[in-house]
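Single-letter residue listing:
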Amino acid sequence: MPSPTIGNLTIDSRRLWDMLMDTAKIGGTPKGGIKRLTLTDEDRQIRDWFKTECEALGCTIHIDTVGNMTAIRPGKDASLKPIAMGSHLDTQPTGGKFDGCLGVIGGLEVLKTLHQAGYETNHPIALVNWTDEEGSRFSPAMVGSGVYAGTFTQAHADAIKDRDGVTLGEALDAIGYRGKVAPGSLEFAAYFELHIEQGPILEEEKLPIGVVKGVQGMRWFNVSITCRESHAGTTPMPYRRDALAAFAEAAVALRQIALDHAPYGLATIGIVEAKPASINIIPGQIDFTLDLRHPDASQLQTMKVKALTVIEKAAERHHGTAVVSEFWDSPPVVFDAGCVAAVKAAADKLGLPTRDMVSGAGHDAAYTARVCPTAMIFVPCKDGLSHNEEESSTQDECANGTQVLLEALIAYDAR
Ligand code: HGY
Ligand code: MN
Ligand code: MN
Ligand code: MN
């Protein structure tokens, strides 16, 4: 039967939306978000769903030793490398319905559309659900795609501990999703990732599609400021060696560093822990995380150097010391021009206005870009909000992005 022309291939936006809303119940929170931390039982449930859905479309499922799941739909020529789509199904503890989910479920909708139409691609088509993109439970972020790209070793990934002391390897085995495929052995001809923008630009400019040309650099640190704990009632202010006071001064100075590197510099302190955490003991130690970002590697390096200085100086002012350990350095990424052009051409063909963008958030595409031609498609989200249970998008916006994904894939396949 002759393959229908691409013109007949239109994704089913209602089916896409229903899949997004139905699967959001797995780990769903009362405020309408999702709490589906990587390698928890909720993650196992959504992985089971993903596997069943893909197998029902005739795909074979390949699971690697870090739990990355790749569904492959055969094409006419099995000797060609698959063209891949993908993203992640794990979420932040207060995540939304679209971050990561849209990329995987949009890709599944593309597979369903191809299957229903009996459309045979030249290349096999792959759909990937990456392990631990969020880096919230097991840091850093994008661990699964990082192992796939050769940035992290299997041993390093297996040994990462969560705040309860459980290792990533133990959690992966506990949900039964450690496969046998060697990470990286499944090579792709190209990789396209659909994602909500997670920022305000597309919505502000009333644009349906962002053509993503790269991802900004990001560097993560664990910091400990150690001073001296003492009695809250008997230590006069001048005598204190207050780690919390040192932290507070450092936090304001770190924020200023980002402001000094406007408009792109970003500094975030996401986790803070005072020790020994007693109401009437002046904290002797403050542990906190620092997330620095900038699209330019040299500016990011400058921000890092300044950050180390302000942290040490703040600790000294309170007769303490600081230990800063950088545990993740993800340099800025530039996506493949050919893939970016395929996204742009697809949107143009559909009459969807676009703008070029660089992603502020990290994505698995930042790692696939190291090993295969890669690009991303952004769609707007309400108020640019993400990593928040109120994250939202619309059926039309999700459908636009998914149709662009389908068109870009088919165009790339036909090259
Ligand atoms: O941190 C990030 O940008 C991503 O959501 N993991
Ligand atoms: Mn994401
Ligand atoms: Mn995220
Ligand atoms: Mn992300």
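Residues numbered from 1 in each chain as written. Chains lettered and ligands numbered in written order. Predicted model: local features only at pLDDT ≥ 70, side-chain atom pairs only at ≥ 80, totals over all residues. Heavy atoms only, no water.

1. Details of the coordination of the manganese ion (ligand 2)
Next up, step 1: Protein-derived coordination of the manganese ion (ligand 2) comes from His88 (NE2), Asp99 (OD) and His195 (NE2), at a distance range of 2.0 to 2.3 Å.
Next up, step 2: Counting along the primary sequence, the residues that act as donors to the manganese ion (ligand 2) give the motif H-x10-D-x95-H.
Next up, step 3: Between the two metal centres, the manganese ion (ligand 2) and the manganese ion (ligand 3), the spacing is 3.5 Å, with aspartate 99 acting as a shared donor. In this pair, histidine 88 is assigned in strand β3 (residues 83–88) and aspartate 99 in the loop between β3 and α3 (101–117), connecting sequence segments 11 residues apart.
Next up, step 4: Note on aspartate 99: relative accessible area 4%, which makes it buried. (Donors = N, O, S within 2.8 Å, 3.2 Å for Na, K, Ca; no water. Helix = DSSP H or I, 4+ residues; strand = E, 2+ residues; numbered from the N terminus. Buried < 20%, exposed > 50% of the residue type's maximum accessible area, 1.4 Å probe, protein only.)

2. Describing the UniProt feature "binding site: Zn(2+) 2" (unreviewed entry) in the chain
Next up, step 1: With numbering matched to this structure, UniProt assigns "binding site: Zn(2+) 2" (unreviewed entry) to Asp99, Glu134 and His387. The greatest C-alpha distance among the annotated residues, which extend across 289 residues, is 9.7 Å, indicating that they converge on a single site.
Next up, step 2: For aspartate 99, the residues in contact, after removing those within four places along its chain, are His88, Asp90, Glu134, His195, Ile196, Gln198, Ser386, His387 and Glu391.
Next up, step 3: A distance of 3.1 Å separates a polar atom in the side chain of aspartate 99 from a polar atom in the side chain of histidine 88.
Next up, step 4: Examined against the element boundaries, histidine 387 turns out to sit in the loop between β16 (374–379) and α12 (395–413).
Next up, step 5: Sequence-distant contacts of histidine 387, defined by excluding residues within four places in its chain, comprise Gln92, Thr94, Asp99, Glu134 and Gln198. (UniProt positions renumbered as here; feature names shortened; annotations may be inferred. Contact = heavy atoms within 4.5 Å. Polar contact = N/O pair within 3.5 Å; in protein donor to acceptor, adjacent residues only side chain to side chain.)

3. As for the coordination of the manganese ion (ligand 3)
Next up, step 1: Ligation of the manganese ion (ligand 3) by protein atoms is provided by Asp99 (OD), Glu134 (OE), Glu134 (OE) and His387 (NE2), these donors lying 2.2 to 2.5 Å from the ion.
Next up, step 2: Written as a sequence motif, the donor residues of the manganese ion (ligand 3) are D-x34-E-x252-H.
Next up, step 3: Classification of glutamate 134 as buried rests on a relative accessible area of 6%.

4. Looking at the environment of proline 82
Next up, step 1: With respect to the helices and strands, proline 82 occurs in the loop between β2 (69–73) and β3.
Next up, step 2: Measuring from C-alpha to C-alpha, the distance between proline 82 and isoleucine 209 comes to 25 Å, with 127 residues separating the pair along the chain.
Next up, step 3: Leave out the neighbours within four places in its chain, and proline 82 touches Ile72, Pro124, Ala126, Glu187, Phe188, Ala189 and Ala190.

5. Remarks on the site of ligand 1
Next up, step 1: What surrounds ligand 1 is the set Glu133, Glu134, Ala141, Trp220, Arg293, Ala361, Gly362 and His387.
Next up, step 2: At 3.2 Å from an oxygen atom of ligand 1 is found a side-chain nitrogen or oxygen belonging to histidine 387.
Next up, step 3: Expressed as a share of its isolated accessible area of 210 Å², the protein-covered part of ligand 1 is 95%.
Next up, step 4: Looking at the shell around ligand 1 residue by residue, the class counts come to 3 nonpolar, 2 polar and 3 charged. (Near = heavy atom within 4 Å. Areas by Shrake-Rupley, 256 points an atom, 1.4 Å probe, with all protein chains shown as cover. Nonpolar A, V, L, I, M, F, W, Y, C, P; charged D, E, K, R; others polar.)

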